[in-house]
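So you can see what is in the structure, the chains are spelled out below.
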Amino acid sequence: MTDFFEFEADFVNSLRCIPMQVRCKLDTCGIKLKLSDWNQMTTAERQALVELPCTTETEIQSYRDYIQQSIIQRTGIPATKLPIEPHPAWLDSATVPASLQEKAQEIGVTLTQQNWVALTPLQRFALIKLSHPGHENKNFKSAIAEFHLL
């Protein structure tokens, strides 16, 4: 999975910010990676986090170990562990999260079940992340447009 979204175009070449596909893998493996830690990693380490698989239990553990080793090597402190959601909302194509629906309605968009099913799990993940309160939401509307939901 090395797909980047158009709304990430301003930083994907340099990987100065954490792309959504890596954020999804971080949630999958239960690691909170601060942007300051990400920026201390080498370009090769960041690229590895983009390219490494994180789907099976073995891959998830390997991904977690790789991040922890990289962060400890750079900062001397392990990355914070987070609880892993056993049934993440982005993998549930049957239910549009209410909080996402509310955020979409703020910009005049109604997400239908048909819209939600048609999205990839990574697209659903991105919309959920971009809709969280307290998250910088500047890319939410761009993502909605990119995913043809306007």
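Here, the structure is the one placed above.
Read on for a plain summary of the structure. Note that the structure is a prediction, hence the values are computed from the model and not measured. (Residues numbered from 1 in each chain as written. Predicted model: local features only at pLDDT ≥ 70, side-chain atom pairs only at ≥ 80, totals over all residues. Heavy atoms only, no water.)

**Notes on unusual backbone geometry**
A negative phi angle is the norm for most residues apart from glycine, just as the trans form is the norm for most peptide bonds. So the rule is basically this: The cut-offs for exposure are 20% and 50% of the maximum accessible area for each residue type, with area from a 1.4 Å probe on protein chains only; residues under the lower value are buried, those over the upper are exposed, and the others partly exposed. By the criteria applied, helices consist of DSSP H or I runs no shorter than four residues and strands consist of E runs no shorter than two, each listed in order from the N terminus.
A positive phi angle is found at Leu15, which is not glycine, with a value near 55°. Using a relative accessible area of 2% as the deciding quantity, one classes Leu15 as buried. Unlike most non-glycine residues, His148 shows phi in positive territory, near 60°. With respect to the helices, strands and loops of the structure, His148 is situated in the segment after helix H8 (140–146).

**A word on the pattern of salt bridges**
We count it as follows: A side-chain nitrogen of Lys or Arg and a carboxyl oxygen of Asp or Glu constitute a salt bridge if their distance falls within 4 Å.
The final tally for this structure, using the stated rule, is four salt bridges. Between Arg16 and Asp10 there is a salt bridge, with the nearest N and O atoms lying 3.6 Å from each other. Between Lys129 and Asp27 there is a salt bridge, and its shortest N-O distance comes to 2.9 Å. Of this pair, Lys129 sits in helix H7 (residues 121–131) while Asp27 sits in helix H1 (residues 20–29), and the two are 102 residues apart along the sequence. Classification of Asp27 by relative accessible area gives partly exposed; the value is 22%.

**Notes on the environment of Ala98**
For Ala98, the position within the fold is in helix H5 (residues 98–106). A relative accessible area of 52% means that Ala98 is categorised as exposed. Once the C-alpha coordinates of Ala98 and Lys129 are considered, the two residues, 31 residues apart in sequence, prove to be 13 Å apart.

**A closer look at H1**
Within an α-helix, residues lying three or four positions from one another point in the same direction, as the helix has 3.6 residues per turn. Worth spelling out the cut-off: Note on contacts: a residue pair qualifies if any of its non-hydrogen atoms lie within 4.5 Å across the two residues.
Among the 10 residues in H1, seven count as buried, and that is most of the element. Listed as buried for H1 are Met20, Gln21, Val22, Cys24, Lys25, Leu26 and Cys29. Residues of H1 that are buried sit in contact with strand S1 (31–32), helix H2 (35–40), helix H3 (43–51), helix H4 (57–75) and H7. Trailing H1 by a residue or two, Gly30 shows a phi angle of about 75°, which is positive.

**Thoughts on the state of the cysteines**
Which entries qualify depends on this criterion: Note that a disulfide, as used here, is simply two cysteine sulfur atoms within 2.5 Å.
Within this structure, the stated rule accounts for zero disulfides. In this structure Cys17 is not part of a disulfide, and its nearest cysteine sulfur, from Cys24, lies 18 Å away. Classification of Cys17 as partly exposed rests on a relative accessible area of 21%. Of all cysteine sulfurs in the structure, the one in Cys54 sits closest to Cys29, which takes part in no disulfide; the separation is 5.0 Å. A relative accessible area of 1% places Cys29 in the buried class.

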